[in-house]
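# Chains, contacts and geometry: an overview
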Amino acid sequence: MIITIKRNANQQSVDRLMKELENKGVGTQVIEGSDFNVYGLTGDTTVLDEKAIAAHECVKNVVRIAAKYKLANRMFHPEDTIININGVKIGGQEDIVIIGGPCAVENKEMIVELAHQVKDAGALMLRGGAYKPRTSPYAFQGMRTEGILAMVAARETTGLPICTELMGEAQIEEFEEHVDMIQIGARNMQNFELLKELGKRTTKPILLKRGFSNTIDEWIMSAEYIMASGNPNVVLCERGIRTFETETRNTLDLSVIPIIKEKTHLPIIIDPSHATGDWKLVEAASLAAVAAGADGLIIEVHNNPECAFSDGAQCLKPKKFITLIDKARKIAQVIGRGI
Ligand code: PEP
Ligand code: MN
């Protein structure tokens, strides 16, 4: 961080600021100029709030050089993190992982059948919501524990690790017992108390979706919350953000892939289903994500989308899912990765 102190600054104000920095364990190196003095801060500046520093009377401006996150920061952890989900590895130069399954678990038979279908298509993990965050309280809220147990049954017959959304602290124990990867949905990305509990109470891999109106840095700070509380196993998931565009459900921000890889060492996967909201767009978005370097895709699949309890419009039928994976495999080869 670099602080510029005003010319003719009040010495008492400068002394107060220096004392404050010293108390926070941050060192200073000064360059004296004819118009202003510039202080370069050394040490751990993540504890500092640049707005609070700028509030000092003597300060002309403050520029943050290093990001506020430490544990997620590529700068302090140059090598890619690879997350192992019961044998399925995501990140680095590992194969691109496809996660497939319905938006919501609707009954045990359907999830078991779909688990076999997505596995045969080439998926390495099964998705399916048991606790559903719905905009309307009158919409299907998910099968809850029964849905989790149906996912467990699907894992038992296929061997696919399961990924499902956790909505509240009360579910942590249940997920710790049964689930392989815990999804934190867009709506909970900034539920900081929940993120802290997840860090403290589990080391299961967390799939952290980007909130629909959150910046990349806010998203990384949420990963930092989980990591700083004790769980280093975070996979980021871009699922589209809200923009002025109404043609698609959300706007898929593919530029996050190289940006996340530059800023962090965490794996990043793409959810083309929620990003587009339209099954006809899911293949194009998936192929683009693979070409851009995504470490995985999470895709909604359903045998009878017209009758799906949620998100039918964006679900692929298994046949289209197979075609998508075949095409994605060819693109992955071009960039030197497998699927
Ligand atoms: C989901 O995966 O079904 C879901 C609700 O996702 P998001 O939190 O991205 O909306
Ligand atoms: Mn959904």
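The following refers to the structure shown. (Residues numbered from 1 in each chain as written. Chains lettered and ligands numbered in written order. Predicted model: local features only at pLDDT ≥ 70, side-chain atom pairs only at ≥ 80, totals over all residues. Heavy atoms only, no water.)

## Remarks on the site of ligand 1
Selection criterion: Proximity is defined per residue: any heavy atom of the residue falling within 4 Å of a molecule or strand makes that residue near it. For this analysis, a polar contact is any N or O atom pair within 3.5 Å, provided that within protein one partner can donate a hydrogen and the other can accept it, and provided that sequence-adjacent residues contribute only side-chain to side-chain pairs. Using a 1.4 Å probe, accessible areas were evaluated by the Shrake-Rupley method; residue-level cover was limited to the displayed protein chains. Ten residue types, Ala, Val, Leu, Ile, Met, Phe, Trp, Tyr, Cys and Pro, are classed as nonpolar, four, Asp, Glu, Lys and Arg, as charged, and the remainder, Gly among them, as polar.
In the vicinity of ligand 1 lie 13 residues, with K132, Q183, A186, K209 and R239 positioned nearest. Between ligand 1 and K209 there is a distance of 2.9 Å, counted from an oxygen atom to a side-chain nitrogen or oxygen. About the coverage of ligand 1: the protein hides 97% of its 290 Å² of free accessible area. A breakdown of the residues in the shell around ligand 1 according to their chemical character gives three nonpolar, three polar and seven charged.

## Details of the pairing of strand β12 (residues 234–238)
Spelled out, the test is: With a 1.4 Å probe rolled over the protein chains alone, any residue whose accessible area is under 20% of its type maximum counts as buried; one over 50% counts as exposed, and the rest are partly exposed. Under the DSSP-based scheme used, a helix requires at least four consecutive residues in state H or I and a strand at least two consecutive residues in state E, with every element numbered from the N terminus. Here a strand pair is declared whenever DSSP counts at least two bridges between the two strands. The handedness of a crossover follows from its direction of travel: if, with the strands pointing away from the viewer, the path from the first strand over the helix to the second runs clockwise, the crossover is right-handed.
Across the five residues of β12, five count as buried, placing the element largely inside the fold. A two-sided burial pattern is seen for β12, the buried positions comprising V234, L236 and E238 on one face and V235 and C237 on the other. As defined by bridge partners, strand β11 (residues 206–209) adjoins β12 across four bridges and the pair is classed as parallel. In the strand pairing of β12, L208 is matched with L236. For the crossover from β11 across helix α7 (residues 216–228) to β12, the handedness is right-handed. The sheet contact formed by β12 and strand β13 (residues 268–270) spans three bridges and is parallel. By the bridge assignment, L236 is partnered in β13 with I268. Between the parallel elements β12 and β13, the chain passes through helix α8 (residues 256–263) in a crossover that is right-handed.

## Quick look at helix α3 (residues 108–121)
Inclusion rule: Expected helix span is taken as 1.5 Å per residue step, with the number of steps being one fewer than the number of residues. Any two residues having at least one pair of non-hydrogen atoms within 4.5 Å are treated as being in contact.
For α3, which comprises 14 residues, the first-to-last C-alpha distance of 20 Å matches the rise-based estimate of 20 Å (1.5 Å per residue) to within 8%. Among all positions in α3, only M110, I111, V112, L114, A115, V118 and A121 are buried. Where the residues of α3 are buried, they touch β7 (97–101), β8 (125–127), α4 (145–158) and α11 (318–334). For α3, the capping residue at the N-terminal end is N107, with a side-chain oxygen 3.2 Å from the backbone nitrogen of E109.

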